[in-house]
Amino acid sequence: MRVAIVAESFLPQVNGVTNSVCHILDHLAAGGHEAIVLAPAGAPPAYAGFPVHPIPGLALPFYRSVSVGLLGGRIRGVLAAFKPDIVHLASPAVLGAAGATAAHRLGVPVVAVFQTDLAGFARRYGMGVAGRIIWSWLRRLHRRAARTLAPSRATLRELSARGIPRLALWGRGVDLERFHPSRRCERLRHRLAPGGEVVVGYAGRLAAEKQVHRLAAVAGLPGVRLAVVGAGPSEKGLRRLLPEAEFLGLRTGVDLARAVASFDVFVHTGSDETFCQAVQEALASGVPVVAPAAGGPLDLVRPEVNGLLYAPDDTSSLRAAVARLAGDAALRARMSRHARASVEGRAWPVLCEELLAHYRDILAIPAPPPAPPAPERRPDLAGGV
């Protein structure tokens, strides 16, 4: 197949959207497919042997680490020259809307992958009034897709309620070799818990939408040491809020896997996750998870099996769940065994093959003819245009 991926975010920005796109490109390359990427300016010129076409972009006001592409006249030209069989919109917003319009005019089917809860992020940054506008924009965008893929059942229900048509479920893969219980590091554990305390950790972006301040409910639990992996705009405030916590900074690759595997309990704090890859990586590392009973974690955490769920926005429920696990080594050991097993079938190659199956389903549907070109606008003789 010839696949054009329009990525709202891409390297050098490292986030869930970028991670997914890179794995998809790796899989397409391994399978002998052809691909191109259209991404915000600043991206590398190529990835996995595929060309990357830069599109001017700007940072979102409520999510500064993500640069979205601006509408660019060259998008249609790039797609027309490549002649894709399908256009893949990765977490579409601004650049994705332009890609959807260009694909529609060229008569190329579109698959849209919903990944980022922009309305939820805006709400966490005090811009809740923008939510209705964002959903209206997303409805118009996704109605041009032959299929919209949601990462979790909770997100699928939300999109359906918001009027998004032609929905299907497609989760995310996990690197089962990188995230593995064998990465547990006793040297790091001794640094984090020199007295043999239970290490309770968080890994992710330190920003308002992740609601990391909820970790304050865990601070002070007897026999518990709190560890925080990540960076972001909330870091200074969190250091003041959690003076006893060990902040390990931004970690990637094997360093991240080693830190996560060295936790005894993994805590996720945000309630706006469409999937929550951090939870899946912790499970792959054999670490029991405590997460809010909302969004993506509902598909990943099996209460009393591989972790516990707490009532969203109820920090006393969060504290009780962590206290229970911290105080019961046998329960943690049992959940640790089930944690790894619960994601064994979710390796990236498996999930990417599921994605290709969606592509094939869409390509089997007769495509509508290309949209006619927009009529040329001529001057109005009465004095207008």
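Here the structure is shown first, and the text comes after it.
Attention here is on the structure that accompanies the text. Please read these numbers as outputs of a predicted model, since none were measured by experiment.

The rules behind the values
- Positions within a chain are numbered from 1, following the residues in the order the chain's sequence is written.
- Since the coordinates come from a predicted model, pLDDT governs what is reported: local features require at least 70, and pairs of side-chain atoms require 80 or more to be given and counted, while whole-chain, interface and lining totals use all residues.
- To get the side-chain values, take all heavy atoms of the structure and skip hydrogens and water.
- Here the rule is simple: two strands pair whenever DSSP picks up at least two bridges between them.
- Helix and strand definitions follow DSSP, with helices as H or I runs of at least four residues and strands as E runs of at least two, each counted in order from the N terminus.
- Residues count as neighbours in contact if any of their non-hydrogen atoms are within 4.5 Å of one another.
- The axes are straight lines fitted to the C-alpha atoms, using for helices just the contacting stretch, and the angles between their N-to-C directions are given from 0 to 180°.
- Any Lys or Arg side-chain nitrogen found within 4 Å of a carboxyl oxygen on Asp or Glu counts as a salt bridge.
- Per-residue accessibility, obtained with a 1.4 Å probe over protein chains only, is compared with the maximum for each type, and a residue is labelled buried under 20%, exposed over 50%, and partly exposed between these values.

Before going further, it helps to examine the sheet that holds strand S2 (residues 34-40). Paired through backbone hydrogen bonds, the strands of a sheet run either parallel or antiparallel to each other. Read across the sheet, 8 strands follow the order S3-S4-S2-S1-S7-S8-S9-S10 without closing on themselves; strand pairing throughout is mixed. Either end of the sheet is taken by a strand with one partner, and the two such strands are strand S3 (46-47) and strand S10 (167-169). Sheet topology places S2 next to strand S4 (residues 50-55); 4 bridges connect them, and they run parallel. The residue of S4 that forms the bridge with Ala39 is Pro54. Against the sheet, helix H2 (residues 74-82) engages strand S1 (2-7), S2, S4 and strand S7 (86-90), with an angle of about 170 degrees to S2.

So, about the pairing of S4. Here S3 runs beside S4; their pairing, made up of 2 bridges, is antiparallel. Residue pairing across strands places Tyr47 opposite Phe50, the latter belonging to S4. Counted between consecutive antiparallel strands, the loop separating S3 from S4 contains 2 residues, among which Ala48 sits at a positive phi close to 55 degrees.

All chains considered together, the criterion is met by 14 salt bridges. Arg189 serves as the salt-bridge partner of Asp264, at 3.1 Å between the closest nitrogen and oxygen. Of this pair, Asp264 sits in the loop between helix H9 (253-261) and strand S14 (265-267) while Arg189 sits in helix H7 (residues 186-192), and the two are 75 residues apart along the sequence. Here Asp264 matches Arg189 in class, with each residue buried. Close ionic contact of Glu209 with Arg205 constitutes a salt bridge, the shortest N to O distance being 3.2 Å.

All right, on to the sheet that holds S14 then. Strand order across the open sheet formed by 6 strands is S13-S12-S11-S14-S15-S16, with parallel pairing between neighbours. Here the strands that pair on one side only, and so sit at the sheet edges, are strand S13 (246-249) and strand S16 (307-310). Each adjacent strand pair in this sheet contributes to an overall mean axis angle of 25 degrees, direction not counted. Across 2 bridges, strand S11 (residues 198-203) lies against S14 in parallel orientation.

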